[in-house]
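Summary of structural features
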Amino acid sequence: MKLGIEAFFLNTIHGGGKEQVLFNLLKGFQALGKARDIHVYAYDYSADMLKSLIPDATFTFIPYKNYFHKKMITDLYNKTFKLSSLVKQHGIDLLFFPQCNTGFKKFEIPTVVLPHDIQAISNPDRFSLKTRIINGLQYYWDFKLRTRIIAISDYDAWEIQKYYPRHQSKIKRIYNPIDTDFSVPDTNSPVNQPYICAVNIAHVHKNTLTLIKAYEKIMGKIEHNLVLVGHVNHETRFLETYVKNKHLEERIQFTGFLSNEELNQVLFESALFVNPSLFEGFGMTAIEAAIRHVPVISSTTGASVEVTRSLLNYYEPADDYEVLAEKMLEILQTKPSESNLAAIRSEYLRCYNYMIISKIYYELFEGMME
């Protein structure tokens, strides 16, 4: 089987969990010895990074020329027109789209799309009319034209079935792969102050303001700082404004983007990880923190409890900062035992190890060819 993987959706700046899913899958295919069967299509700016993940694969890199002054439209054009001719030219047997917006081409070969979630449709109040229209059109054509649809949790599968019932037979649930190959940072690295950590603050639905308010309520009772990891963009600039207006700069740190090595160290050294998200189709960061023996507090929204297998510390409702503050204080004062943290880690490694999930994906692709 010659497997084609579309990676035009990758950005010049790391886009978070959705891109990380592809990176972890590629790493898994390489480790499983399947890379020589894989042909990756991407823009030239992604070349070095993709080759480092799956060096034995074949690649086609095209120059990125933003003719339409909007990457989404440029991607749509390339996936609809250029990709179809390249796939035919290279004799690809099956094509995998690891992101929505797969174009308007119905290929002659089987195709698979991984939309990650449909929250713009299932939770419309959190999105602008423009976003809802664009995403609605993408899902309509993606689900209509593709042979199979990957849901990243049972909750995600249920939502797709609810809003797109005619495509129910196409859905296959496969959990996200987690990269478990990380090293323990140097134990002698200095940490000036214990801290609470949260990741992926660039998105409004991650509900970081509730975490900041909860921290503000208890900061006088604890020595821990609050470390917020990720880009602050135009949508979440209000977080920095809030912190500045409340004079919290000495206790709350915005790190910006961190490399994998930097993020690994920040997670390892956290006293507590908090995921206060208003919606999760999966929720990788809570798992990534827990497998590093970090106590985790999570909201109960979306797939959070399902994916974390009811093993973490939870609070609800997600937007109640006072309830979150109480839970944070409780966990900081009564840290879970190492044996409990180790048991959680073991369960997550069993379920989400990137090689296990990559094998499930590849078996699905092979089964579709049969």
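Note that residues are indexed from 1 along each chain, following the sequence as it is written. Under the rules for a predicted model, residues below a pLDDT of 70 receive no local features and side-chain atom pairs below 80 are neither given nor counted, while totals for whole chains, interfaces and linings still include all residues. Side-chain numbers here rest on the full set of heavy atoms in the structure, without hydrogens or water.

1. Section: the pattern of salt bridges
We count a salt bridge whenever a side-chain nitrogen from Lys or Arg sits within 4 Å of a carboxyl oxygen from Asp or Glu. Following the criterion strictly, the structure yields eleven salt bridges and no others. Measuring nitrogen to oxygen at the nearest pair gives 2.8 Å for the salt bridge that ties Lys71 to Asp75. Here the residue Lys71 and the residue Asp75 both occupy positions in helix α3 (residues 71-89), the gap between them amounting to four residues, near one helical turn. Considered together, Lys71 and Asp75 belong to a single accessibility category, that of buried residues. A run of DSSP states H or I qualifies as a helix once it reaches four residues; a run of E qualifies as a strand once it reaches two. Both are numbered from the N-terminal end. Residue exposure (1.4 Å probe, protein chains only): buried if accessible area is under 20% of the type maximum, exposed if over 50%, otherwise partly exposed.

2. Re the packing of aromatic side chains
Ring pairs shown here join Phe, Tyr and Trp side chains whose ring centres sit within 6.5 Å, with only the six-membered ring taken for Trp; geometry is labelled stacked below 30 degrees between planes, edge-to-face above 60, and tilted in between. Taken as a whole, this structure holds 22 aromatic pairs when the rule is applied. Both rings, one in Phe59 and one in Phe61, keep their centres 5.3 Å apart while their planes meet at 10 degrees; by these two values the pair is stacked. Relative accessible area serves as the criterion here: at 18%, Phe59 is assigned to the buried category. Overall, the relative accessible area of 23% leaves Phe61 in the partly exposed class. Taken together through their ring pairs, the aromatic side chains of Phe8, Tyr43, Tyr45 and Tyr64 make up a single cluster. Look at NZ for Lys and CZ for Arg. If either is within 6 Å of the ring centre and within 35 degrees of the ring normal, a charge sits over the ring. The positively charged end of Lys27 is found above the aromatic ring belonging to Tyr354, 5.1 Å away from the centroid.

3. Considering the sheet that holds strand β10 (residues 252-256)
Paired through backbone hydrogen bonds, the strands of a sheet run either parallel or antiparallel to each other. Reading across from one edge, β10-β9-β8-β11-β12-β13 is the order of the six strands in this open sheet, with parallel pairing throughout. Each having just a single partner strand, β10 and β13 (313-315) make up the two edges of the open sheet. The average undirected angle you get between the axes of adjacent strands in this sheet is 25 degrees. Pairs of strands are assigned from DSSP output, requiring at least two bridges between the strands. Note that strand β8 (residues 195-199) and strand β9 (residues 225-229) share five bridges and pair parallel. Its bridge partner lying in β9, Cys197 is registered against Val227. To obtain each axis, a line is fitted to C-alpha atoms, and for helices this fit is confined to the stretch in contact; angles are then taken between N-to-C directions over 0 to 180 degrees.

4. Points about helix α14 (residues 354-369)
In an α-helix, one turn spans 3.6 residues; hence positions three or four apart end up facing the same way. One less than the number of residues in a helix, times 1.5 Å, gives the span that helix is expected to have. In this model, α14 (16 residues) spans 23 Å end to end at C-alpha, consistent with the 22 Å of a helix rising 1.5 Å per residue. Turning to α14, its buried residues number three or more, namely Tyr354, Ile357, Ser358, Tyr361, Tyr362, Leu364, Phe365 and Met368. Around the axis of α14, the buried residues are gathered within 150 degrees of arc, so they sit on the same side. Polar contacts here mean pairs of N or O atoms no more than 3.5 Å apart (in protein, one a potential hydrogen donor and the other a potential acceptor; neighbouring residues in sequence count only if both atoms are side-chain atoms). Its side-chain oxygen at 2.8 Å from the backbone nitrogen of Met355, Asn353 defines the N-terminal cap of α14. The directions from the helix axis to the C-beta atoms are what the arc is built from.

5. Examining the side chain of Asn123
Within the secondary structure layout, Asn123 lies in the loop between α4 (119-122) and α5 (129-145). Look at Asn123 and you get buried, because its relative accessible area is 18%. Whether two residues touch is decided by their heavy atoms; if any such pair falls within 4.5 Å, the residues are in contact. With residues near it in sequence (within four places) discarded, Asn123 still touches Glu159 and Phe279.

6. Comments concerning unusual backbone geometry
In this structure, Pro317 follows Glu316 across a cis peptide bond, with omega equal to 0 degrees. With respect to the helices, strands and loops of the structure, Pro317 is situated in the loop between β13 and α12 (321-333). The residue His247 is not glycine, and still its phi comes out positive at about 60 degrees. Assignment of secondary structure puts His247 in the loop between α8 (237-245) and β10. Judged by its relative accessible area of 68%, His247 falls in the exposed class.

7. Brief notes about the environment of Ile134
Among the secondary structure elements, Ile134 is positioned in helix α5. Classification of Ile134 by relative accessible area gives partly exposed; the value is 25%. Put simply, Ile134 and Asn101 are 33 residues apart on the chain and 9.4 Å apart in space, counted from C-alpha to C-alpha.

From the geometry alone we can't say anything about function, so treat these as descriptive.
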